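Tertiary structure, described
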Amino acid sequence: MDHVVTIQDLADDEIASILDRARELLPVARGEERSDALVGKILATCFFEPSTRTRLSFETAMQRLGGNVIGFADSRTTSHLKGETLADAVRMVAGYADAIVLRHPQEGSARLAAEMSDVPVINGGDGAGQHPTQTLLDLFTIREELGKLEGLTVGLLGDLRYGRTVHSLAAALARYDTTMHFIAPESLAMPRRVTAGLPDGWSAHTTLNGVLPELDLLYVTRIQKERFPDPEDYVRVAGAYTISAETLRDAKPGLRVLHPLPRVGEIATDVDETDHAAYFRQAFNGVPVRMALLEMLLGGD
Ligand code: NCD
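In this numbering scheme, every chain counts its residues from 1 along its sequence in written order. Owing to the predicted nature of the model, reporting of local features is limited to residues with pLDDT of at least 70; listing and counting of side-chain atom pairs is limited to 80 or more, with chain, interface and lining totals taken over all residues. Only heavy atoms go into the side-chain values, all of them from the structure, while hydrogens and water stay out.

Residues Leu139, Leu156 and Leu294 are the most contacted members of the largest nonpolar core, which totals 57 residues. The helix and strand labels rest on DSSP assignments: H or I over at least four residues marks a helix, E over at least two residues marks a strand, and numbering proceeds from the N terminus. With 8 residues, the single largest contributor to this core is helix α11 (residues 286-298). By definition in these notes, contact holds between two residues if any of their heavy atoms fall within 4.5 Å. Those residues in contact with Leu139, other than ones at most four positions away along the chain, are Ile15, Leu19, Leu149, Leu169, Ala172, Leu173 and Tyr176. One finds Leu157, Tyr241, Leu248 and Ala251 within the second-largest nonpolar core, a separate group that totals 19 residues. Only buried residues count toward a nonpolar core, which is a set of Ala, Val, Leu, Ile, Met, Phe, Trp, Tyr and Cys residues joined through side-chain atoms within 4.5 Å. Exposed residues in this analysis have more than 50% of their type's maximum accessible area, buried residues have under 20%, and partly exposed residues fall in between, with area computed by a 1.4 Å probe over protein chains only.

Structure follows, in C-alpha cells:
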C-alpha cells in the first residue's frame, strides 16, 4: 500500500490489521505508554480547508509515535496565495516529509497529489469525494461499540450528497454484509456514483421514522453548507434532520449514534447524556487509528 486516496485503496486484511493494531495502541494514544516507532520520520499536514479533528489527531498520532510534524492549517500563509499549483506544492513537500496528509476543497485533489508524490499521500478529505481515514476510525468505533462489523443494520442520515465521510463509509460497510438505509432530503440523496458500487442491501428514505426501530447504528452528518453552489438551496434544507433524545424514543436500547463532527445542530445536546451517544469516543478514536495507519505506511514495528 502506497497512498490512501480512497477506502478502496485498502484491502480487507489491511483494514483488519489497522483496526487490530489501533486497539493495541490505545495506551500509547492515551499517553499512558511510550512508543519510538516513528522516531526520525516527518509527517506533513497540508490543510487547504478548515479542520480540527483530522489535523490535530494526525499530529498527535505522529508525535505519540516519536515522529515529527510540519505543515500548515491555513493555505493563505503559503505560496498557494501566489498562484502555486497543487502539483508543484506536493512535489516540494514530498522532499521535506516522509508522508503527506492532504485536505483540499477539490474532489480528485488527493489522487492528483498521489501522482505527483513519491512519499505516501493520505487523503484527509477531498471536497465532496472521500475521507478514508475517517472511515477507518468509524469502523474501529463501530467494532468497539457494537462488538462486531458484520451483519449490522445502519442508517446514514443528513447530507449524503456533499458529505464525503458517508461516501467512503458506505463503500466500506458494503464489505461487511451491512443493511444500509440512506436517509436524506431528495436534493441531498446519496450520489449514484456511490450507490453504483454497492451490492443490494441498501435503500433510500426521506424520513427516519420508519427505519429507526431496526437500526443498530445511526450515522448523522452535517449539512455541508460550504459545498452548495446556490445558498438558497442550503436555506431550504438547513435544519431538516435534527435528532434529539425524544427522536430516539423508539430506537433499540443498544443503538449507537455516531457523527464525524463538527455538529451544527443535527444532534441536540440532550442526546449526549443518553447511552446512544458515541460521537465523542469516536473523535478520540482518530488518534489510535491514525497511529496504526502511520505505522503501517512509515514502516514502524
Ligand atoms: C468531516 C469532514 O471534514 O468531512 N469532519 C471530519 O473530518 N471529522 C465532516 C464535516 O465537516 O461535516
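Back to the write-up after that little detour.
Near the ligand you find Arg53, Thr54, Arg103, His131, Gln134, Arg164, Thr165, Arg222, Gln224, Pro260, Leu261 and Pro262, and these make up its full shell. Contact distances for the ligand include 3.0 Å between an oxygen atom and a side-chain N or O atom of Arg103. Pairs of N or O atoms are called polar contacts if they sit within 3.5 Å, as long as, within protein, a hydrogen donor faces a hydrogen acceptor (for residues adjacent in sequence, only side-chain-to-side-chain pairs). Within the contact set of the ligand, an oxygen atom lies 2.8 Å away from a side-chain nitrogen or oxygen of His131. In the complex, 94% of the free accessible area of the ligand, which totals 320 Å², lies under the protein chains. Listing elements by their share of the shell around the ligand, those giving two or more residues are α3 (53-64) and α7 (164-173). Near residues are defined by distance, with any heavy atom within 4 Å of the molecule or strand qualifying the residue. Method for areas: the Shrake-Rupley scheme with a 1.4 Å probe, in which residue coverage is limited to the protein chains shown.

Another aspect to go through is the packing of aromatic side chains. The rule is short: rings of Phe, Tyr and Trp, with Trp giving its six-membered ring, pair when the centres are within 6.5 Å, and they are stacked under 30 degrees, edge-to-face over 60, tilted in between. All told, the structure shown has 5 aromatic pairs when counted by the stated rule. Seen in terms of ring centroids, Phe48 and Phe72 are 5.2 Å apart; in terms of plane orientation they differ by 85°. Their pairing is edge-to-face. One end of the pair, Phe48, is in the loop between β1 (42-47) and α3; the other, Phe72, is in strand β2 (residues 68-72), with 24 residues separating them in the sequence. Each member of the pair, Phe48 as well as Phe72, carries the same accessibility label: buried. Ring geometry for Phe228 and Tyr234: centres 5.7 Å apart, planes at 75°, overall edge-to-face. Overall, Phe228 belongs to the buried group, its relative accessible area being 11%. Through pairs of rings, three or more aromatic residues link up here, namely Tyr162, Phe228 and Tyr234.

Residues forming no salt bridge and having over 30% relative accessible area are the ones grouped into patches, like charges within 9 Å of each other and nonpolar side chains (Val, Leu, Ile, Met, Phe, Trp, Tyr) within 5 Å. Within this document, salt bridges are pairs made up of a side-chain nitrogen of Lys or Arg and a carboxyl oxygen of Asp or Glu, the two lying within 4 Å of each other. On the surface, Ile70, Met92 and Tyr96 cluster together into a nonpolar patch covering about 290 Å² of accessible area. With respect to the secondary-structure elements, Ile70 resides in strand β2. Look at Ile70 and you get partly exposed, because its relative accessible area is 35%.

Our next topic: the packing of helix α4 (residues 86-96) against helix α5 (residues 109-116). The relative placement of two packed helices is expressed as an angle between their axes plus a distance between the axes. Each axis is a line fitted through C-alpha atoms, taken for helices only over the stretch in contact, and angles between the N-to-C directions span 0 to 180 degrees. It is the contact of α4 with α5, at a shortest axis distance of 9 Å, that shows an interaxial angle of 50°. As far as their axial angle goes, α5 and α4 are oblique. Where α4 crosses over α5, the handedness of that crossing is right-handed. Residues Leu86, Ala87, Val90 and Arg91 of α4 touch α5, and the partners they reach there are Ser109, Leu112, Ala113 and Met116. For the contact of α4 with α5, a count of residues per class yields 6 nonpolar, 1 polar and 1 charged. Angles below 35 degrees are treated as roughly parallel, those above 145 as roughly antiparallel, those between 65 and 115 as roughly perpendicular, and all remaining angles as oblique. For any helix crossing, the convention is left-handed if the near helix is rotated counterclockwise from the far helix by under a right angle, and right-handed if that rotation is clockwise. Classification used: nonpolar for Ala, Val, Leu, Ile, Met, Phe, Trp, Tyr, Cys and Pro, charged for Asp, Glu, Lys and Arg, polar for all others including Gly.

Our next topic: the pattern of salt bridges. A side chain of one charge can pair with a side chain of the opposite charge when the charged atoms of the two come close. Taken as a whole and judged by the stated rule, the model has 20 salt bridges. Of the charged contacts, one joins Arg263 and Asp272 as a salt bridge, the two residues approaching to 2.7 Å between their closest N and O atoms. Classification of Asp272 by relative accessible area gives partly exposed; the value is 23%.

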